[in-house]
Amino acid sequence: MKNLKPFNGDAKKEYKDAVSRMPRNSVSRSRLELIEDDIETVYDHYKKEFDNSSLNDVKIHNWSAKQKEDLLSLYGYHKKIIRNIKNNITNQQIMTIRSTCQNCTIDSVNTMDHILPKIAFPEYAVNGYNLFPCCSICNGYKADITDHSAFLNLFIDELPSVQYLFVEVHDNIDCLNFDFFLSNSKGVISNSLYKKIENHYTNLHLIQRMKAASLTYLAEFISTNKHYYKKLGRESIIEAVLESIDEDRRAYGFNYWKCSLKLALISSEVFWNYMDNLCV
Ligand SMILES: [Zn+2]
């Protein structure tokens, strides 16, 4: 999970261009043209609160039912304005995270999440600062909860470079069993940020989703390392895995789930006993 650089285009111009692409004689277009000044004002307001990291202060606007409908009609994942916004955001990120949803770091980006939900805030349905490239699974869970502060906003909430995602490897005779868990045991992360991290993981079901994703990954990890373990021994494996964790943390984020899993495995006698049994 890494922070994303936010949209850096001209949100108001993108909006106006989208309206101007609507059929010339359509009633919706005429109605949207009438509120262009209002949209400029609310877009400036959003940007100010975004820059102050205080999106909680963005107020709900009293649009008519028809205006809401018109504003929402501008959005569509495959529409030009959304493609422009998605390209603008994606092209600013490092290659390693471009196609993976950073809300979960498990599934691929295939939708745009509205940070302030579009039903309550239809005026920001196509505002670049309000859109976050996301997977449909995270987006589905987010749709169930209208309070945006129940999730990390990875444009704004700065992720800490200390470990908060851990893995416990359980002593189990026949198979390697483990569980992910969160901890701020060193107390380095501020209470408010840690609470947000906990909410984000809970509301997106990340502990369970990471465990499910780990099963395939664990099989690959064991099969790759079994070969080298026989030849080179434990210390060499530990050294190589620690190096790969350093690299992965830079590429995918300090608390990338594969890093926490690898770190726990190489620190666990249960894992090494398992490897010994495999290698006899
Ligand atoms: Zn996701």
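Residues numbered from 1 in each chain as written. Predicted model: local features only at pLDDT ≥ 70, side-chain atom pairs only at ≥ 80, totals over all residues. Heavy atoms only, no water.

What follows deals with the domain arrangement of the protein chain. Here the protein chain is described as being made up of domain 1 (11–149) and domain 2 (165–278). Each partner contributes to the interface: domain 1 provides 16 residues, whereas domain 2 provides 14 residues. With both sides pooled, the region where domain 1 packs onto domain 2 buries about 1200 Å², and carbon together with sulfur makes up 62% of that total. For the domain 1 face of the interface with domain 2, the top three residues by lost area are Thr 105, Ile 106 and Tyr 141, together amounting to 41%. On the surface where domain 1 and domain 2 come into contact, there are 1 salt bridge. The partner of Arg 209 in a salt bridge is Asp 107, with the nearest N and O atoms 3.1 Å apart. Our count for the domain 1 to domain 2 interface comes out at 4 residue pairs in polar contact (both at pLDDT 80 or more). Residues that form the side of domain 1 that touches domain 2 fall into these classes: 9 nonpolar, 5 polar and 2 charged. (Domains from an automatic or database assignment. Contact = heavy atoms within 4.5 Å. Buried area = accessible area lost by both parts, 1.4 Å probe. Salt bridge = Lys/Arg side-chain N within 4 Å of Asp/Glu carboxyl O. Polar contact = N/O pair within 3.5 Å; in protein donor to acceptor, adjacent residues only side chain to side chain. Nonpolar A, V, L, I, M, F, W, Y, C, P; charged D, E, K, R; others polar.)

Turning next to the pattern of salt bridges. Evaluated as defined, the whole model comprises 15 salt bridges. Among the ionic pairs, Lys 47 bridges to Asp 51, the shortest N-O distance being 2.8 Å. With Lys 47 and Asp 51 both in helix α3 (residues 36–51), this residue pair falls 4 residues apart, about one helical turn. Using a relative accessible area of 27% as the deciding quantity, one classes Lys 47 as partly exposed. One connected set of salt bridges, linked through shared partners, spans Lys 12, Lys 16, Glu 40 and Asp 44. (Helix = DSSP H or I, 4+ residues; strand = E, 2+ residues; numbered from the N terminus. Buried < 20%, exposed > 50% of the residue type's maximum accessible area, 1.4 Å probe, protein only.)

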